[in-house]
Amino acid sequence: FTQPSSSGTVSLAIINDRAVIYNGQHWYQYQRNEGLQGLAADADVMQGRDNTLSLQPQTLGDTLFLIANPDGMLQKLVLQQGRLRVVAQQGFNDYINAVTTNGTAWVHTRNESITHDGKVRIKAYNLTDVVTGPEGNQWYSSLREGLMVNRRSFAWKLIQFPIDADDYVRSLDVNGGY
């Protein structure tokens, strides 16, 4: 058992069968059968000297996301052979609100949200999350605008009903009212 420092947990993320924990100074990992243990980090993992570091709670595959503010730096980390390793680093020159995953990773800054592959950009909303609901609607959490939704549009389709030419139909419900 490792006794963490008295500063407590600053941020944590769950990856595979373990929790990765950062307390502002040191890294730890927790596994159910092994308990809390110190975790080694490569020298190029950011340190919180002039920035506040935050390990983002959402992961994508085997990738953890570490942000540094106010500098707006993002590091993508992986846990390999018991060490945290940096696999990519990117500067955004803006305060990073969060990194979230919705099938792909999103980086949300004050002025822009962008997918990690750079294919989708949303500007000027100060977003903190993007989520796709079960009906396909995309929901956006904005510090500037509140909760927003982009409803999935359904394609129109022509439904042929077995009615006679002299039948009069006033109302028709074919899909549970939708």
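This structure is a prediction, so every number in the text was calculated from the model and none was measured. (Residues numbered from 1 in each chain as written. Predicted model: local features only at pLDDT ≥ 70, side-chain atom pairs only at ≥ 80, totals over all residues. Heavy atoms only, no water.)

Chemist: What exactly am I supposed to notice about unusual backbone geometry here?
Modeler: Excluding glycine, residues mostly have negative phi values, and the peptide bonds linking residues are mostly trans. That bond from Asn69 to Pro70 is cis: its omega, 15 degrees, falls within 30 degrees of zero. The backbone of Gln81 shows a phi angle near 50 degrees, a positive value even though the residue is not glycine. Position of Gln81 among the secondary structure elements: in the loop between strand S8 (73-80) and strand S9 (83-91). Phi at Asn126 is positive, roughly 55 degrees, even though this residue is not glycine. Locating Asn126 in the fold gives a position in the loop between strand S13 (121-123) and strand S14 (127-132). Since its relative accessible area comes to 13%, Asn126 is described here as buried. (Helix = DSSP H or I, 4+ residues; strand = E, 2+ residues; numbered from the N terminus. Buried < 20%, exposed > 50% of the residue type's maximum accessible area, 1.4 Å probe, protein only.)

Chemist: Whenever I open this one, the sheet that holds strand S12 (residues 112-115) confuses me. Can you help?
Modeler: Strand pairs in the sheet, formed through backbone hydrogen bonds, run parallel or antiparallel to each other. Pairing is antiparallel in the open sheet, where four strands are placed in the order S10-S11-S12-S13. The open sheet has two edge strands, strand S10 (96-101) and S13, and neither has a second partner. On average, adjacent strands in this sheet sit at an angle of 10 degrees to one another, irrespective of strand direction. Note: S10 against strand S11 (residues 105-109), five bridges, orientation antiparallel. Looking at the pairing, Thr100 lines up with Trp106 of S11. (Pairing = 2+ DSSP bridges. Axes fitted to C-alpha atoms, helices over the stretch in contact; angles between N-to-C directions.)

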